[in-house]
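# An overview of the molecular structure
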Amino acid sequence: MTLEKKKLGFYAGLGFAVQVIIVFLFCINGCSVSKGKILYADQASMSVDRESKNFKSTASKTLAFNSVAMEEASVEMDYESVNGAFETEDGTDWIKKIIRNGNIGLEVESLSDALSQIENWVSSFGGYISSSDEGSSYLNVRAHIPENRFDEAMEITGNFGKLIYKNVSSRDVTDQYYDIDTRLKNKRLLLEKLQGYLKDAKNITEIMQVESKIENCTSEIESLQGQLNRLSKEISYSEIYINANLPNNYTESGFILPDTKSQFREFISNIIDFSMGYIWSILYILTGGTLCVLLAAFLFWLCFGKLGLVKKLFRKLK
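Residues numbered from 1 in each chain as written. Predicted model: local features only at pLDDT ≥ 70, side-chain atom pairs only at ≥ 80, totals over all residues. Heavy atoms only, no water.

### Some details on the sheet that holds strand β1 (residues 98-107)
Ordered in space as β2-β3-β5-β1-β4, the five strands form an open sheet in which the pairing is mixed. On the outer flanks of this sheet lie β2 (128-134) and β4 (162-172), each paired with one strand and no other. If you compare each strand with its neighbour and ignore which way they point, the axes differ by 10 degrees on average. The pairing of strand β3 (residues 138-146) with strand β5 (residues 237-245) spans nine bridges and is classified as antiparallel. Residue pairing across strands places Asn140 opposite Asn243, the latter belonging to β5. (Pairing = 2+ DSSP bridges. Helix = DSSP H or I, 4+ residues; strand = E, 2+ residues; numbered from the N terminus. Axes fitted to C-alpha atoms, helices over the stretch in contact; angles between N-to-C directions.)

Shown next, in the form of structure tokens:
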């Protein structure tokens, strides 16, 4: 019994030692796995940080690269947002922009007197003459009168001579005017932003791109400004076109009798021309007709007459 107890104690101790060793090995393995996971997690975190930094850097460059186009689109959206809004920056309603033109037809006794009266008339209203054309019996003047005195000026034009016709036309350019004005403001705003981008440009590529945008924007501003100036001038100064004529058979020196001799000579010349044309037509018909008859006769003689080539041909065939 004593020996068996010793054996049992030995095996029990051995089994306990084996269990302790197994538990120890599991602990070591678990620690190494945990350390490996922690190390892998640290490496993955560092890689993610690097990718995040690279992405942020790339995104920043991309945003900087496209910022000019985004701002330009933003400005265009600003323009679209005001389309249909009838208010100015100070909150007041848009002022109607009307272009008015007048046409006057006159019969005058003296072109020089009429021109002098028109010049004084234009000067009295603070206007100007853009063009004039004078002939032996007519005078055409293109005058420009301040818009606020247009009606008053049109009433006086009848004093220059006998009024033949008078008409007034108007054209509403409100939408066109404020369309150009709004585009011009937005282009100027865009130009300021582009100039700011040019200062912040970091390389040659960005500088060249921004400078190209600035050049295009400046060209568009000049074009829009020119359109707005011309439109403003037409609105501010109404155009009045005056056509003055002398009576029939009158010149600046007075009444002139018709030149009957010249007219009679022209009449005789026309008759002679008509007669000669008629005679020549008859000669052409006779000459051409005679030639056609002779040609037909020759062909008949050649084919079916005494020579009879066609007849001889048919005889041989038979």
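### Re the side chain of His144
The residue His144 is located in strand β3 in this model. Only 2.9 Å separates the side chain of His144 from the side chain of Ser130, close enough to count as a polar contact. Apart from residues lying up to four places away in sequence, His144 is in contact with Gly127, Tyr128, Ser130, Tyr237, Ser238 and Glu239. (Polar contact = N/O pair within 3.5 Å; in protein donor to acceptor, adjacent residues only side chain to side chain. Contact = heavy atoms within 4.5 Å.)

### Regarding helix α2 (residues 111-124)
Here α2 is 14 residues long and its end C-alpha atoms lie 20 Å apart, about the 20 Å a rise of 1.5 Å per residue gives. Residues of α2 that are buried: Leu111, Ala114, Leu115, Ile118, Trp121 and Val122. The buried residues of α2 occupy an angular sector of 125 degrees when the element is viewed end-on, so they sit on one face. Projecting away from the buried face of α2 at angles above 90 degrees are the exposed residues Asn120 and Ser123. Against β2, β3, α3 (150-156) and β5 lie the buried residues of α2. Positioned one or two residues after α2, Gly126 has a phi angle of 75 degrees, which is positive. (Expected span 1.5 Å × (residues − 1). Buried < 20%, exposed > 50% of the residue type's maximum accessible area, 1.4 Å probe, protein only. Arc of directions from axis to C-beta.)

### Side note on the pairing of β1
On any regular strand, side chains alternate: one points to one face of the sheet, the next to the other face. Sheet topology places β1 next to β4; ten bridges connect them, and they run antiparallel. What sits directly across from Glu107, in β4, is Lys162.

### Looking at the environment of Ile235
Positionally, Ile235 belongs in helix α5 (residues 204-236). Through-space distance from the C-alpha of Ile235 to that of Ile99 is 4.9 Å; in sequence the pair is 136 residues apart. With sequence-adjacent residues up to four places away left out, Ile235 is seen in contact with Lys97, Ile98, Ile99, Glu147, Val173 and Tyr177.

### What about the nonpolar core?
Within the largest apolar cluster, 22 residues are counted, with the highest numbers of intra-cluster contacts made by Ile118, Trp121, Leu139, Ile240 and Ile242. If you list the elements that add at least two residues to this core, you get β1, α2, β3, α3 and β5. Considering each element in turn, this core owes the most residues, six residues, to α2. Excluding anything up to four places from it in sequence, Ile118 contacts Ile129, Leu139, Val141, Phe160 and Ile242. If you look at the next biggest cluster of nonpolar residues, it comprises 18 residues, including Val173, Leu184, Leu191 and Leu228. (Core = buried A, V, L, I, M, F, W, Y, C linked by side-chain atoms within 4.5 Å.)

### With respect to the pattern of salt bridges
Scanning all chains against the criterion turns up nine salt bridges. A salt bridge links Arg100 to Glu147; the nearest nitrogen and oxygen atoms lie 3.8 Å apart. Here the residue Arg100 occupies a position in strand β1, and Glu147 occupies one in the loop between β3 and α3, the gap between them amounting to 47 residues. Judged by relative accessible area, which is 32%, Glu147 ranks as partly exposed. The partner of Arg171 in a salt bridge is Glu234, with the nearest N and O atoms 3.6 Å apart. Of this pair, Arg171 sits in strand β4 while Glu234 sits in helix α5; the two residues are 63 residues apart in sequence, bridging distant segments of the chain. Judged by relative accessible area, which is 43%, Arg171 ranks as partly exposed. By relative accessible area, Glu234 is classed as partly exposed at 37%. Via salt bridges that share partners, Arg100, Glu147 and Asp151 belong to a single interconnected network. (Salt bridge = Lys/Arg side-chain N within 4 Å of Asp/Glu carboxyl O.)

### Some thoughts on α5
Residues spaced three or four apart along an α-helix face the same direction, because each turn holds 3.6 residues. Taking 1.5 Å of rise per residue, 33 residues should cover 48 Å, and α5 covers 47 Å from first to last C-alpha, within 8% of that figure. When we look at burial in α5, the residues that qualify are Glu206, Val210, Ile214, Cys217, Ile221, Leu224, Leu228, Leu231 and Ile235. The distance from a side-chain oxygen at the start of α5 to the backbone nitrogen of Thr205 is 3.2 Å, and the residue carrying that oxygen is Asn203.

### Section: a negative patch on the surface
Residues Glu107, Glu109, Asp113, Asp133, Glu134 and Glu252 make up a contiguous surface patch of negative charge. As for its placement among the helices and strands, Asp113 is situated in helix α2. We classify Asp113 as partly exposed; its relative accessible area is 48%. (Patch = residues over 30% accessible without salt bridge, like charges linked within 9 Å, V, L, I, M, F, W, Y side chains within 5 Å. Areas by Shrake-Rupley, 256 points an atom, 1.4 Å probe, with all protein chains shown as cover. Lys, Arg positive; Asp, Glu negative; His and termini not counted. Charge placed at Lys NZ, Arg CZ, Asp CG, Glu CD.)

### Looking at the environment of Glu211
Along the chain, the position of Glu211 falls in helix α5. What makes Glu211 partly exposed here is its relative accessible area of 42%. Residues Glu211 and Tyr197, 14 residues apart in the sequence, show an inter-C-alpha distance of 9.6 Å.

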